[in-house]
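Examining the three-dimensional arrangement
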Amino acid sequence: MTLRSEDEPSSPALTAAQAALAAEHAAVYGYGVLGGRVPGKRRTEANAAYDGHRARRDALMRTVRDLGGAPVAADAAYALPFAVTDAVSAVRLAAVLEDRVAGVYSDLVRATEGPARADAAGALREAAVRAARWRGGNVVFPGLAERAASAGPAERTGPVEAAGADGTG
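Predicted model only: the values in this text are computed from it and were never measured.

1. Considerations on the overall build of the chain
- Each helix and strand counted, the chain has six helices and zero strands in total.
- Residues counted as buried form 42% of the 169 residues belonging to the chain.
- Of the contacts made within the chain by residues no fewer than 6 positions apart, 75% connect residues no fewer than 24 positions apart.
- Counting only carbon and sulfur atoms, one obtains 55% of the accessible surface of the chain, whose full area is about 8900 Å².

Below, the structure written as structure tokens:
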């Protein structure tokens, strides 16, 4: 298989898959940070989410290669949207991470079709369910940018920027 060079234009599906991969890298990092700060049952949920994001990340790496791209690498560290110092802030971070992941999977749903779209829709659903569990409530249309207009500054940061894929990380 031939990999695209950086100066070749990529397809919308490849661009969306790279953004989803970058967000999954950031989610894996974020769950590594928050996992030790949540007690009991919530820690079990955090571990399950961490494992789920690792599996999605690995699958997306294969998807990106199948689309002719070179998978975006994880950063060594990511700037968190706020300090995570206790269980409350850890749970809040988990909800933010899931919202951001849902956003990029929403883009991936729009950019793909067939089995790839079904897989992206499944990932969007998983992120939305996890976000609702962490938040204690749900949103009407998870992953849609329209919701971001009413979000606070930490929640307005896009998943790509949060993942360091905007070129500034």
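2. Some words on the environment of Val84
- Relative to the assigned elements, Val84 resides in the loop between α2 (40-66) and α3 (87-111).
- In this structure the C-alpha to C-alpha distance between Val84 and Leu34, which are 50 residues apart in sequence, comes to 7.0 Å.

3. Remarks on α3
- Between its terminal C-alpha atoms α3 stretches 36 Å, which fits the 36 Å expected from 25 residues at 1.5 Å a residue.
- Of all 25 residues making up α3, 19 are buried, and the element is well covered by its neighbours.
- Where α3 begins, one side-chain oxygen reaches toward the backbone nitrogen of Val88, 3.4 Å away; that side chain belongs to Asp86.

4. Quick notes on the pattern of salt bridges
- Considering all chains together, one arrives at seven salt bridges under this definition.
- When salt bridges that share partners are traced, they join Arg56, Asp119 and Glu126 into one network.

5. What to know about the nonpolar core
- Grouped together as the largest cluster of nonpolar side chains are 20 residues, with contacts concentrated most on Ala20, Leu60, Val101, Tyr105 and Leu108.
- Of all the secondary-structure elements, those providing two or more residues to this core are α1 (12-34), α2, α3 and α4 (114-135).
- The greatest single-element share of this core, amounting to eight residues, is contributed by α1.
- In this view, Tyr105 contacts Ala20, Glu24, Arg56, Leu60, Ala120, Ala123 and Leu124; residues no more than four positions away in its chain are not counted.
- Ranked by size, the runner-up nonpolar core spans 16 residues in total, among them Ala46, Phe82, Ala94 and Ala95.

6. Some words on the packing of aromatic side chains
- Summed over the entire model, instances satisfying the criterion amount to two aromatic pairs.
- A cation over an aromatic ring shows up here: Arg92 above the ring of Phe82, its NZ or CZ 3.8 Å from the ring centre.

7. Some remarks on the packing of α2 against α4
- Two numbers describe how α2 lies on α4: the axes approach to 12 Å, and their chain directions differ by 160°. Relative to α4, α2 is oriented roughly antiparallel. You can see that α2 and α4 cross each other, and the crossing is left-handed. Judged by residue contacts, Arg42, Glu45, Ala46, Ala49, His53 and Arg56 of α2 engage Asp119, Gly122, Ala123, Glu126, Arg130, Arg133 and Trp134 from α4.
- Across the contact of α2 with α4, the residue classes break down as four nonpolar, two polar and seven charged.

8. Thoughts on the packing of α1 against α2
- The N-to-C vectors of α1 and α2 enclose an angle of 155°; their axes lie 9 Å apart at closest approach. In this view, α1 runs roughly antiparallel relative to α2, as classed from their interaxial angle. Between α1 and α2 lies a crossing whose hand is left-handed. On α2, the residues that touch Leu14, Ala17, Gln18, Ala20, Leu21, Glu24, His25, Ala27, Val28, Tyr31, Gly32 and Leu34 of α1 are Ala46, Ala49, Tyr50, His53, Arg54, Arg56, Arg57, Leu60, Met61, Thr63 and Val64.
- Grouping the constituent residues of the contact of α1 with α2 by class yields 14 nonpolar, five polar and four charged.

9. With respect to the confidence of the model for the chain
- Per-chain confidence: the chain averages 83 in pLDDT, with 76% of residues scoring 70 or above.
- A low-confidence stretch, residues 1-5 (pLDDT under 50), is modelled with 12 contacts involving residues beyond four sequence positions or located in other chains.
- The low-confidence segment residues 145-169 (pLDDT under 50) makes 36 contacts with residues lying over four places distant or belonging to another chain.

Cut-offs applied
Residues numbered from 1 in each chain as written. Predicted model: local features only at pLDDT ≥ 70, side-chain atom pairs only at ≥ 80, totals over all residues. Heavy atoms only, no water. Helix = DSSP H or I, 4+ residues; strand = E, 2+ residues; numbered from the N terminus. Buried < 20%, exposed > 50% of the residue type's maximum accessible area, 1.4 Å probe, protein only. Contact = heavy atoms within 4.5 Å. Areas by Shrake-Rupley, 256 points an atom, 1.4 Å probe, with all protein chains shown as cover. Expected span 1.5 Å × (residues − 1). Polar contact = N/O pair within 3.5 Å; in protein donor to acceptor, adjacent residues only side chain to side chain. Salt bridge = Lys/Arg side-chain N within 4 Å of Asp/Glu carboxyl O. Core = buried A, V, L, I, M, F, W, Y, C linked by side-chain atoms within 4.5 Å. Phe/Tyr/Trp six-rings, centres within 6.5 Å; stacked < 30°, edge-to-face > 60°. Lys NZ or Arg CZ within 6 Å of the ring centre and 35° of its normal. Axes fitted to C-alpha atoms, helices over the stretch in contact; angles between N-to-C directions. Parallel < 35°, antiparallel > 145°, perpendicular 65-115°, else oblique. Left-handed = near helix turned anticlockwise from the far one by under 90°. Nonpolar A, V, L, I, M, F, W, Y, C, P; charged D, E, K, R; others polar. pLDDT = per-residue confidence, 0-100.

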